[in-house]
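Descriptive analysis of the structure
For reference, the chains in residue letters:
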Amino acid sequence: MAKIFSLRPLFLCVLCLKLTFAVADEGMWVPLFLAKYNETDMQSKGLKLSAEDIYSVNHTSLKDAVVQFGGGCSGEMISAEGLLLTNYHCGRSRVQSHSTLENNFIENGYWSMNRGEELSNPGLTATFLVLMEDVTSEVLKNVSSGMTEVERFLAIEKASKAIERKMVEGTHYEAKVKEFFGGNEYYIFITETFKDVRLVGAPPYSIGNFGADTDNWMWPRHTGDFALFRIYSDSLNKPAEYSPDNVPYKPKKHFEISMKELKEGDFTMVFGFPGRTQEYLTSFAVKQLVEDEDPLKISIREKRLAVMEKAMDADPQVKLNLTSKYASIKNYYKKFIGESIGLKKVDAVQRKQELEKRFTEWVNADANRKVKYVNLLTELEKTYAEFAPYNKGVVLYNEAFTTLDFVTYVNSFTKLSDLLKKGVKREVLSAEVERQAKYIRSFFKNYNRSIDLDCANHQIKAIIDFMPEVLTEKQRKKYKKNNDEYISTLFSGDLLDSLKSVANLNALIEREGKKNIPDTIKSENGFGANDLAFQFVTSVNENFKENIYPNYVKLDIKLDSLNRIYTQALREFQTDKLFYPDANSTMRLSYGKVEGYAPNDSVVYTPFTTIDGVIAKENPNDKEFVVPAKLKELYEKKDYGEYAVNGTIPVCFIASNHSTGGNSGAPVLNAQGQLIGTNFDRNWEGTAADVMYDPAMARNISVDIRYTLFIIDKFAGAKHLIDEMTIIK
Ligand code: ARG
Ligand code: GLU
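Reading the values: the criteria
Residues numbered from 1 in each chain as written. Chains lettered and ligands numbered in written order. Predicted model: local features only at pLDDT ≥ 70, side-chain atom pairs only at ≥ 80, totals over all residues. Heavy atoms only, no water. Helix = DSSP H or I, 4+ residues; strand = E, 2+ residues; numbered from the N terminus. Buried < 20%, exposed > 50% of the residue type's maximum accessible area, 1.4 Å probe, protein only. Contact = heavy atoms within 4.5 Å. Arc of directions from axis to C-beta. Near = heavy atom within 4 Å. Polar contact = N/O pair within 3.5 Å; in protein donor to acceptor, adjacent residues only side chain to side chain. Areas by Shrake-Rupley, 256 points an atom, 1.4 Å probe, with all protein chains shown as cover. Nonpolar A, V, L, I, M, F, W, Y, C, P; charged D, E, K, R; others polar. Axes fitted to C-alpha atoms, helices over the stretch in contact; angles between N-to-C directions. Parallel < 35°, antiparallel > 145°, perpendicular 65-115°, else oblique. Left-handed = near helix turned anticlockwise from the far one by under 90°. Core = buried A, V, L, I, M, F, W, Y, C linked by side-chain atoms within 4.5 Å. Salt bridge = Lys/Arg side-chain N within 4 Å of Asp/Glu carboxyl O. Phe/Tyr/Trp six-rings, centres within 6.5 Å; stacked < 30°, edge-to-face > 60°. Disulfide = S-S within 2.5 Å. pLDDT = per-residue confidence, 0-100. Patch = residues over 30% accessible without salt bridge, like charges linked within 9 Å, V, L, I, M, F, W, Y side chains within 5 Å.

If you trace the backbone, Glu-595 turns up in the loop between strand E15 (588-593) and strand E16 (597-600). With a relative accessible area of 15%, Glu-595 lands in the buried category. Contact partners of Glu-595, with chain neighbours within four places excluded, come to Asp-25, Glu-264, Pro-607, Ile-654, Ala-655, Ser-656 and Arg-699.

This is the structure we're talking about:
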């Protein structure tokens, strides 16, 4: 299959013909430009609305029912009283935070039976887009071609800040200018953020995460990945911090929910906040991603996950504490694997090379173009090569170093230590010591030394292999003799003993206070300098800050600049192609249709799953495939209420909407703009779409809204929530 999509005639067969010429549903479109670029195409594919119905600044439109949930996910309003639907996995850490082993909502689910039982979540936000505008010319007005990248950056930042300030002056809105097309265009986003978002209901883990990591990024899927929250506002319907006096928010718009028949081929769209795609990379960058970056991340995470899994299996409290963290590490671990396989399968590097070859011919055919672009690709190639070792350093630092809890802990002493080295007033030091002592106590509440040590065992080795200079000559000898033993010595000092750490802090004020002039306290070595863990962490940090990060940044800036020019050049070169900007966590609309796919020779997937498949996957001995007794009972009695379709309950479906991380929880809508599902994942063969979209393979996975309603009503007995919704039968 791999070769088919490079469009080599040799491989064309009947099936391939159909797939190759299927109309591409690639694109994460900017709501502001739907009328200009997409409306006609969308309507020709089945949309029954106008672009104005979807995004408008003049009247309420669908966009008013879409939220960015908790910064990283999407969600949608489904009642006039602020009810919000998103994914279970987007709300999972909140469910966890309300849980104890005795009252385990992860295990059992949580359903509030009245507003008083809705649980508040400090820090959780829901953000609406008020409007957006193209401000490119204003942002770039002081940018000139002779500027260095830094000058350009500063000019853009200054102009952006000024526009942001002007746009929201005297309102409670926020404004943010964001770059598009690698910095060739700039749009401003005016948003309204609600800060009292309460947990209303979540199914048990065995429904919300059914199939867990085995099924994650896979089709066919049987997960009820949904959760319900409610936005609260002050009495004027405006955002407010949590208060018991807050009232349910009345959104400008909430989605109608369609229980009508859903068929293969039906028009669909996903309206959410995709996080990051990189569709316009060069072959050099893709090669680096596939050959170096993905494999490195995969290998570090693999070992880390094995350590965590062992500890979680052995202790239910550890399991409860780590569920969310484990899932998020594993999630991208698996994604990186899928992405590498997928990019190889579509010959991504080779296809980029072919494009670059044609691009070069195009450049060489015109004198003006030659002046602008003749050296561009060679520069990019050279710069990516220079970038590689620093990029590796940054990946290692982020994945193998800062992920260790003891590193975070030791780093927390840096401020204190720096203050001491400089000299500090007694009161300031006391306050800082107090803050630090508090941090130490809270840190050790959840600290699991043995997991941290086991992870350090391989992660620290990867760090030392890459930058041996972080050890002194003497340390290196010890490390070489027995590296396991050396690493365990990092964990044996006073600093990683909570009681001693606090005592040492108190002793410090005493001791240094006596030595120095009465009200200024100063200590040459700062704090903790004699501790091996402190020495090591400091040495890695210094090495990173001096030798890796500055070079990384310098080259990254250069790459940004070259890629900006390349993106622009590609748009000039491929005039027949409609370009969409890479995802950048701003609101986008993707559209496609309910559609199966054929991943491999003879394998064909249909687009719907049902509750029968849940039962077929059941395995009481496998924690990922347990089916709750109540659900089985409903299944056995066929007690499906009005949610049944052909004698069963639809569970998930796939469609060809271009999506990525951040689209989780996003509304999946039909041609009338009614809610038919909640986006939560992508198929394995489509994970490469963040870098190279393949229309034959890329599918988004949604929970069918009828499964969500069935679970709320029949499984949880929370009919009062259904009664709030606007359901179209
Ligand atoms: N893969 C989906 C997304 O990227 C779902 C993740 C949650 N599920 C899980 N088993 N970890 O985020
Ligand atoms: N599960 C992803 C999220 O949390 C969406 C899957 C994807 O990457 O498409 O946003």
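As a further point, take helix H2 (residues 34-44). Helical geometry: 3.6 residues make up each α-helical turn, so side chains three or four residues apart lie on a common side. All buried positions along H2 are accounted for by Leu-34, Asn-38 and Met-42. In an axial view of H2, the angular spread of the buried residues amounts to 55°, which keeps them on one side of the axis. In H2, those exposed residues whose orientation departs by more than 90 degrees from the buried face are Lys-36, Thr-40 and Ser-44. Taken together, the buried residues of H2 touch helix H3 (51-54), strand E12 (267-272) and E15. Following H2 by one or two positions, Gly-46 adopts a phi angle in the positive range, close to 130°.

With that settled, consider the side chain of Thr-648. Inspection of the secondary structure puts Thr-648 in the loop between helix H24 (629-637) and strand E19 (650-655). With residues up to four places along the chain from it excluded, the contact list for Thr-648 reads Thr-610, Ile-611, Asp-612, Tyr-640 and Tyr-643.

Looking now at the site of ligand 1. Surrounding ligand 1, one finds His-89, Asn-209, Ala-212, Asp-213, Asn-216, Trp-217, Ala-327, Asn-331, Phe-680 and Asp-681. Taking Asp-213, its side chain carries an N or O atom lying 3.5 Å from a nitrogen atom of ligand 1. Asn-216 is positioned with one of its side-chain polar atoms (N or O) 2.7 Å from a nitrogen atom of ligand 1. In isolation ligand 1 has 340 Å² of accessible area, and contact with the protein removes 94% of it. Taken together, the residues that form the shell around ligand 1 break down as 4 nonpolar, 4 polar and 2 charged.

Quick look at the packing of helix H10 (residues 283-314) against helix H11 (residues 316-345) now. The interhelical angle for the contact between H10 and H11, taken along N-to-C directions, is 155°, at an axis separation of 8 Å. Judged by the inter-axis angle, H10 sits roughly antiparallel to H11. For H10 against H11, the interelement crossing comes out left-handed. Per-class residue counts for the contact of H10 with H11 are 19 nonpolar, 3 polar and 11 charged.

A separate point is the site of ligand 2. As a structural note, the neighbourhood of ligand 2 is formed by His-89, Trp-217, Ser-659, Thr-660, Gly-661, Gly-662, Asn-663, Ser-664, Phe-680, Asp-681 and Arg-682. At 2.6 Å from an oxygen atom of ligand 2 is found a main-chain nitrogen or oxygen belonging to Gly-662. One of the backbone N or O atoms of Phe-680 is found 2.8 Å from a nitrogen atom in ligand 2. Relative to its unbound accessible surface of 300 Å², ligand 2 loses 94% to contact with the protein. Considering each element in turn, the shell around ligand 2 owes the most residues, 3 residues, to strand E21 (residues 675-682). Considering only residue class, the shell around ligand 2 consists of 2 nonpolar, 7 polar and 2 charged.

Counting 197 residues, the largest nonpolar core has Met-269 and Phe-406 as its most contacted members. Top element by residues in this core is helix H22 (residues 532-573). It accounts for 15 residues. Grouped together as the second largest cluster of nonpolar side chains are 11 residues, Val-130, Val-139, Ile-163 and Ile-190 included.

Enumeration according to the criterion identifies 40 salt bridges in this entry. Measuring nitrogen to oxygen at the nearest pair gives 3.2 Å for the salt bridge that ties Arg-115 to Glu-724. Separated by 609 residues along the polypeptide, Arg-115 in the loop between strand E4 (110-111) and strand E5 (126-134) and Glu-724 in helix H26 (residues 719-724) bring together distant segments of the chain. Across the pair Asp-639 and Lys-714 runs a salt bridge, and its minimum N-O distance is 3.1 Å. Of this pair, Asp-639 sits in the loop between H24 and E19 while Lys-714 sits in helix H25 (residues 705-715), and the two are 75 residues apart along the sequence. Judged by its relative accessible area of 30%, Asp-639 falls in the partly exposed class. One continuous salt-bridge network, built from bridges that share partners, spans Glu-81, Arg-115, Glu-118, Arg-230 and Glu-724.

This part covers the packing of aromatic side chains. What the rule picks out here adds up to 45 aromatic pairs. Pairing Tyr-384 with Phe-387 gives two aromatic rings, centres 6.5 Å apart and planes at 80°, and the pair type is edge-to-face. Of this pair, Tyr-384 and Phe-387 are both found in helix H14 (residues 376-401), 3 residues apart, which corresponds to roughly one turn of the helix. For the residue pair Tyr-384 and Phe-387, the accessibility class agrees, reading buried in each case.

One can describe the packing of helix H20 (residues 483-490) onto H22 by two numbers: an axis separation of 7 Å at closest approach and a directional angle of 105°. Taken together, the axes of H20 and H22 lie roughly perpendicular to each other. Across the interface between the two elements, Tyr-486, Thr-489 and Leu-490 of H20 pack against Leu-532, Ala-533 and Phe-536 of H22. Here the residues of the contact of H20 with H22 are counted per class, giving 5 nonpolar, 1 polar and no charged.

We now examine the state of the cysteines. Under the criterion given, the structure shown has 1 disulfide. At a sulfur-sulfur separation of 2.1 Å, the disulfide partner of Cys-73 is Cys-90. For the disulfide bridge between Cys-73 and Cys-90, the dihedral angle about the S-S bond is near -80°, and by the sign convention the bridge is left-handed. Here the residue Cys-73 occupies a position in strand E2 (residues 73-77), and Cys-90 occupies one in helix H4 (residues 88-97), the gap between them amounting to 17 residues. Just as Cys-73 is buried, Cys-90 falls in that class too. Free of any disulfide, Cys-652 has its nearest neighbouring cysteine sulfur in Cys-90, separated by 14 Å.

Glancing now at the environment of Phe-527. Of note, Phe-527 is situated in the loop between strand E14 (520-521) and H22. Between the alpha carbons of Phe-527 and Lys-415 there is a distance of 9.6 Å; along the sequence they are 112 residues apart. In this structure Phe-527 touches Phe-413, Leu-416, Ser-417, Leu-420, Leu-495, Asn-504, Leu-505, Leu-508 and Phe-534, once residues within four positions along its chain are discounted.

Our focus in this paragraph is the confidence of the model for the chain. Fine structural detail should not be taken from predicted coordinates in areas where pLDDT scores are low. Residue-level pLDDT values for the chain average 94, and 96% of them are 70 or greater. Across residues 1-23 the pLDDT falls below 50, and counting only partners more than four positions away or on other chains, this stretch makes 30 contacts in the model.

Residue position: Ala-616 is located in helix H23 (residues 611-617). A relative accessible area of 66% means that Ala-616 is categorised as exposed. A C-alpha to C-alpha distance of 60 Å links Ala-616 and Asn-530, two positions 86 residues apart in sequence.

Let's shift gears to a nonpolar patch on the surface. Taken together, the side chains of Val-150, Phe-153, Leu-154 and Ile-557 present a nonpolar region at the surface, about 370 Å² in accessible area. Of note, Ile-557 is situated in helix H22. Look at Ile-557 and you get partly exposed, because its relative accessible area is 32%.

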